[in-house]
Amino acid sequence: MTSGIPRKIGFYALQAEGMRKVAVYHWTDEGIALEILDERWERMAREYYSEGILLHRIGAMVTAEHPDLFMEALTEPRNMTYYDFRPEP
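So, here's what we can say about the structure. (Residues numbered from 1 in each chain as written. Predicted model: local features only at pLDDT ≥ 70, side-chain atom pairs only at ≥ 80, totals over all residues. Heavy atoms only, no water.)

**Comments concerning the overall build of the chain**
A count of helices and strands for the chain gives 2 helices and 6 strands. When the elements of the chain are put in sequence order from the N terminus, they spell out β-β-β-α-β-β-α-β. Relative to the 2.2 N^0.38 estimate, which gives 12 Å for 89 residues, the radius of gyration of the chain is 12 Å and therefore close to what a compact globule would have. In terms of overall dimensions, the chain has C-alpha extents of about 35 × 25 × 25 Å along its principal axes. Taking all 89 residues of the chain together, 42% fall into the buried category. Taken as a whole, the chain presents about 5300 Å² of accessible surface, with 49% of it coming from carbon and sulfur. (Helix = DSSP H or I, 4+ residues; strand = E, 2+ residues; numbered from the N terminus. Rg over C-alpha atoms; globule rule 2.2 N^0.38 Å. Buried < 20%, exposed > 50% of the residue type's maximum accessible area, 1.4 Å probe, protein only. Areas by Shrake-Rupley, 256 points an atom, 1.4 Å probe, with all protein chains shown as cover.)

Set out below in structure tokens:
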């Protein structure tokens, strides 16, 4: 972790059997890498990666081009019911 920000975050989606990890964002020395685990969720995972996610703390969309802000945004609490972002070991 850098300044308390996780280096690996799982993207979980609601499936018939419950929440299941469908992608993983890895923060490496080269930047953010995206690993797709379920192709049904690939488009959404890639959209967050390239188009960004709202970082409420600064009130702006951030993309994987800014790894620290992107990973921080993924960890912000959100009111989502069918998907979630969770820090991974």
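Once you've had a look at it, read on.
**Focus: the sheet that holds strand E1 (residues 8-15)**
Spatially, 4 strands are ordered E3-E2-E1-E6 in an open sheet, and the strand pairing comes out antiparallel. Of all strands in the sheet, those with a lone pairing partner are strand E3 (31-36) and strand E6 (83-87), marking the two edges. When strand polarity is set aside, the average angle formed by the axes of neighbouring strands in this sheet is 25 degrees. Direction of pairing for strand E2 (residues 18-28) relative to E3: antiparallel, over a ladder of 6 bridges. Within E3, the residue paired with Ala-23 across the bridge is Ile-36. Relative to E3, helix H1 (residues 42-51) is tilted by about 175 degrees, and along the sheet it contacts E1, E2, E3 and E6. Along the sheet, helix H2 (residues 67-75) contacts E1, E2, E3 and E6; its crossing angle with E2, the most-contacted strand, is approximately 160 degrees. (Pairing = 2+ DSSP bridges. Axes fitted to C-alpha atoms, helices over the stretch in contact; angles between N-to-C directions. Contact = heavy atoms within 4.5 Å.)

**Comments concerning the packing of aromatic side chains**
Applying the stated criterion to the full structure yields 11 aromatic pairs. Pairing Phe-11 with Phe-85 gives two aromatic rings, centres 5.0 Å apart and planes at 20 degrees, and the pair type is stacked. Linking Phe-11 in strand E1 with Phe-85 in strand E6, this pair joins segments that are 74 residues apart in sequence. Accessibility assignment for this pair places Phe-11 and Phe-85 in one class, buried. When the centroid spacing of 6.2 Å and the interplanar angle of 85 degrees are considered together, the rings of Tyr-83 and Phe-85 count as edge-to-face. There is no split in this pair, since Tyr-83 and Phe-85 are both buried. The aromatic ring of Trp-27 is capped on one face by Arg-7, whose charged end is 4.4 Å from the ring centroid. Taking NZ or CZ as reference, Arg-86 lies 4.4 Å from the ring centre of Tyr-12, over its face. (Phe/Tyr/Trp six-rings, centres within 6.5 Å; stacked < 30°, edge-to-face > 60°. Lys NZ or Arg CZ within 6 Å of the ring centre and 35° of its normal.)

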